[in-house]
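In case you want the letters, here they are:
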Amino acid sequence: MATMTLADLSLDDVASQLLDLTRGRVAQAEVYAYDTTSTPVDFEANRLKSLETKDSRGIALRVVCDGRIGLAATTRLRTTSDLDQVVADAVALAAFGAEARFELPARIDATPVDVFDPATEAITVESMVGLGQQMIDHVRAYDGDILCEAGVRRAVETTVILNSRGGHGSYKKSSYALVIGGQLIRGQDFLSIWEYDTRCGTDIDAMALARAAVEKFEIAKPIATVRTASLPVIFTPRGVASVLLSRFGVSLSGKSVLQGSSALSDKLGTAVFDPRLTITDDATVPRVPRSSPFDDEGTPTRPHTLVGNGEVRAFYYDRQTAGLAGTETTGHGYRSPESLPGPSTSVVRIAPGGTSVADLVGGVDEGLLVESMTGTFAGNVFSGDFSGNVHIGFKIEGGKVVGRVKDTMVAGNIFADMKDLGGLSDVAEWVGGGVQSPHILFRSLGVSSKT
C-alpha cells in the first residue's frame, strides 16, 4: 500500500496538522496556506510562445514565542517532517523577531463577497489560444509592422487561515486576465502600446481591448512637440494608478504614520485635498481580483474611506502596526507567503467627478494627457513628490489630442497640486483589477522637454 503524503491531503488538513504541531510550544500561532492553479497562454512576436498549467501549494507559519514574532514558510510539503521543520524554524527565528503587539482573532467572520467564477476555472486552453490569436490578428490587420504580444491567463487560488485562538477561514478566488499590445519601430522612434483587463470572471471583451490598442497606436503615431513650462496635465485612470496612488498609499499607511515619515501624520480630520476628491479602499467589491472576504490575518474586510471630500478621514493598519499605534486593525493586513503581514491597500476607488473626459480635454488650450511614466519612484514618496519621464503621453492643443510626446518629463506634488484640481471625469474606469479611477486634471504641473 502506498504511503499517504501531504500532497494527498486537503489544504485544510495540512494547515490543521501544522497548527497541531505548535501546541504547547508557542503563545500564539497562525497558519497561512494557499493552493494555486494557473494557466498562462503567452504570445510573442505574433506567435504562440508558451502555454502550461502550473500548480503551487505553500504554507507559512507565524508564531509568537517569548513575546517575539517568528515566521517560516515552505512549498516543500511531502511528509510531516517538512511541517516539523517549519515549526522549528519559526520558533528559532522568533528569538530575533520584533516584539509582538497583536492578538490573533478568536473567530473569522468572512464578509460575503463574490470573488469566484466557475466559468474561469472551466475555460479551455483552446479557447484561450483562440482569443489571443484573434487579438493579434486584429492589431496586425491595422498595421502589419506591429510586432504583437498577447496573453490570456486564468488562475484559481484557495486560501486557508487557521490560528491557535480558534480562528478559521477559507475562500476560493478566480482571476482572468487579457493583455494585447506590441512594438512599432520607425527609424529612431520606438512605440510600445498595451491594453489589458483583469477580472474574476471571463466577461472581458477581447476584441474591445484589441480595438483600444489600435486606437492608441493611431493617435500615438504622430509626434508632437511640447515646450518646457508649467502646463495643465490630465492623468488617465492608468496614469493615476501607476503614478499617483503610490504616494497616497505610502502617506495613508499606518506604518508611515507610526514612523512619522508620512506628511499626513498630523492631518487626520484636516482638509488637505480638493473637496471633490474621495478615496475609498474597499475589498468587498464583487468580482474584482483584489477583493477578499477577509485580509491575510483573518480580519473581515469592509469599505474604508481614507479621504472624504478632500479631508483625511483615516489611515489603514494591520494588527501589529495597529498594536504599536494603540489603535485597531482596519483589515489591511496583507502579505506574500514568505513575508509577515503588513499594512497594504486592497481595492482603491476614487470617486468620479462631474465633467466628461471630452470636456476635460476640450478645456485645455495647451497641456498633456499622461497615461504612463517611468522612473516615478525617483522622487520622495513620503513628501508626496512625483516626477518621471512620460512613457505614453499626448499633447493637447486647442482642446484636442494632436500627437504623442517624447523626451518629456512631468513633476508635481500630490499635497500642493491636488488642493485645487481642474476637475475629475464623470466616469471611473477599472485598472488592473485593483484600482477604479476617473481622469484627473491638474491645473498646472512642471513639464520639461528636450525639444
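Here the structure is shown first, and the text comes after it.
Heads up: these notes are all about the structure in this document. (Residues numbered from 1 in each chain as written. Predicted model: local features only at pLDDT ≥ 70, side-chain atom pairs only at ≥ 80, totals over all residues. Heavy atoms only, no water.)

**With respect to the nonpolar core**
Side chains of nonpolar character tend, in soluble globular proteins, to be buried together. Using the following cut-off: For this analysis, a nonpolar core means a set of buried residues of the types Ala, Val, Leu, Ile, Met, Phe, Trp, Tyr and Cys, connected via side-chain atoms within 4.5 Å. When accessible area is computed with a 1.4 Å probe and restricted to protein chains, residues below 20% of their type maximum are described as buried, those above 50% as exposed, and intermediate ones as partly exposed. A helix here means a DSSP run of H or I that spans at least four residues, while a strand means a run of E at least two residues long, and both kinds are numbered starting from the N terminus. Every residue pair with non-hydrogen atoms within 4.5 Å of one another is taken to be in contact.
In this structure, Phe235, Phe248, Leu252, Phe273, Met418 and Phe442 are the most contacted members of the largest nonpolar core, which totals 44 residues. Of all the elements in the fold, those that place two or more residues in this core are strand 8 (229–235), helix 6 (237–252), strand 10 (304–308), strand 14 (348–350), strand 15 (366–374), strand 16 (385–397), helix 10 (414–417) and strand 22 (440–449). Counting residues per element, this core draws most heavily on helix 6, which supplies six residues. Excluding residues that lie within four positions of it along the chain, phenylalanine 235 makes contacts with Val240, Val243, Leu244, Val370, Met373, Phe386, Pro438, His439, Ile440, Phe442 and Leu445. Judged by nonpolar contacts, the second largest core, of 34 residues, contains Ile146, Ala210, Ala220 and Ile392.

**Brief notes about the environment of alanine 213**
Locating alanine 213 in the fold gives a position in helix 5 (residues 206–220). Taking the relative accessible area as the measure of exposure, alanine 213 reaches 0% and is therefore buried. Spatially, the C-alpha atoms of alanine 213 and isoleucine 180 are 7.2 Å apart, while their sequence positions differ by 33 residues. Beyond its immediate chain neighbours, meaning those up to four positions away, alanine 213 contacts Val139, Ile180, Ile193 and Glu195.

**So, the sheet that holds strand 14**
Under the convention used in this document: By the convention used here, strands pair only if DSSP detects at least 2 bridges between them.
Strand order in the open sheet formed by six strands is 11-10-9-14-21-20, with mixed pairing between adjacent strands. Looking at which strands have only one partner, the edges of the open sheet turn out to be strand 11 (311–312) and strand 20 (429–431). Alignment of strand 10 against strand 11, held across two bridges, turns out to be antiparallel. Opposite valine 307, over in strand 11, you have valine 312 as the bridge partner.

**Comments concerning the pattern of salt bridges**
In plain terms, the rule: One speaks of a salt bridge when a side-chain nitrogen belonging to Lys or Arg is within 4 Å of a carboxyl oxygen belonging to Asp or Glu.
Enumeration according to the criterion identifies 30 salt bridges in this entry. Residue glutamate 297 is joined to arginine 62 by a salt bridge in which the shortest nitrogen-to-oxygen separation is 2.9 Å. One end of the pair, glutamate 297, is in the loop between strand 9 (279–281) and strand 10; the other, arginine 62, is in strand 3 (residues 54–65), and 235 residues separate them in sequence. Accessibility assignment for this pair places glutamate 297 and arginine 62 in one class, buried. With a shortest N-O distance of 3.1 Å, aspartate 82 and arginine 76 are connected by a salt bridge.

**Things to note about the environment of glutamine 28**
Note the following rule: Under the rule applied, a polar contact is a pair of N or O atoms within 3.5 Å (in protein, one hydrogen donor and one hydrogen acceptor; residues adjacent in sequence only if both atoms are side-chain atoms).
Within the fold, glutamine 28 resides in strand 1 (residues 28–44). For glutamine 28, a relative accessible area of 11% translates into the label buried. For glutamine 28 and isoleucine 69, which are 41 residues apart along the polypeptide, the C-alpha to C-alpha distance reads 9.3 Å. Sequence-distant contacts of glutamine 28, that is, excluding residues within four places in its chain, are made with Arg62, Val63, Val64, Phe102, Glu103, Leu104, Ser164 and Arg165. At 3.1 Å, the side chain of glutamine 28 and the backbone oxygen of phenylalanine 102 are in polar contact.

**Re the packing of helix 1 (residues 11–22) against helix 2 (residues 80–94)**
How two helices pack is summed up by the angle between their axes together with the distance between the axes. Just so we agree on the cut-off: Axis definition: a line fit to C-alpha positions, over the contact stretch in the case of helices; interaxial angles, taken between N-to-C directions, run 0 to 180 degrees. Orientation is classified from the angle alone, with under 35 degrees giving roughly parallel, over 145 giving roughly antiparallel, 65 to 115 giving roughly perpendicular, and any other angle giving oblique. By definition, turning the near helix anticlockwise from the far helix through less than a right angle yields a left-handed crossing, and turning it clockwise yields a right-handed one.
Interaxial distance between helix 1 and helix 2 falls to 10 Å at its minimum, and their mutual angle equals 50 degrees. On the basis of the axis angle, helix 1 is oblique to helix 2. Between helix 1 and helix 2 lies a crossing whose hand is right-handed. When helix 1 is examined against helix 2, the residues Val14, Gln17, Leu18, Leu21 and Thr22 are found in contact with a partner set consisting of Thr80, Leu83, Asp84, Val86 and Val87.

**Brief notes about the side chain of aspartate 117**
Within the element layout of this structure, aspartate 117 appears in the loop between helix 2 and helix 3 (118–122). A polar contact is formed between the side chain of aspartate 117 and the side chain of arginine 287, at a distance of 2.6 Å.

**Focus: helix 2**
Operational definition: For a helix, the expected span equals 1.5 Å multiplied by the residue count minus one. Read the arc as the range of directions from the helix axis to the C-beta atoms.
The terminal C-alpha atoms of helix 2, which comprises 15 residues, lie 21 Å apart, in line with the 21 Å expected from a rise of 1.5 Å per residue. Among the residues of helix 2, those classed as buried are Asp82, Leu83, Val86, Val87, Ala90 and Ala94. Viewed end-on, helix 2 has its buried residues packed into an arc of 145 degrees, placing them on one side of the element. Buried residues along helix 2 sit in contact with helix 1, strand 3 and strand 4 (68–74).

**Re the pairing of strand 22**
Here six bridges tie strand 8 to strand 22, and the two strands are oriented antiparallel to one another. If you follow valine 233 over to strand 22, its bridge partner there is phenylalanine 442.

**Here's the deal with the pairing of strand 15**
In terms of residue burial, strand 15 counts as a mostly covered element, since seven of its nine residues are buried. Pairing geometry for strand 8 and strand 15, over three bridges, is parallel. Each residue of the ladder has a partner; that of phenylalanine 235, found in strand 15, is valine 370. The sheet contact formed by strand 15 and strand 16 spans eight bridges and is antiparallel. When the sheet's bridge partners are listed, methionine 373 is paired in strand 16 with valine 390.

**Describing helix 4 (residues 125–142)**
Over its 18 residues, helix 4 runs 26 Å from end to end, which matches the ideal 26 Å to within 8%, given 1.5 Å per residue. Of all the positions in helix 4, only Met128, Gly132, Met135, Ile136 and Val139 are classed as buried. Down the axis, helix 4 shows its buried residues gathered within 95 degrees of arc, on one side only. Exposed side of helix 4, more than 90 degrees from the buried face: Glu126 and Ala141 are the residues found there. For helix 4, the secondary structure elements touched by its buried residues are strand 1, strand 5 (147–163), strand 6 (168–186) and helix 5.

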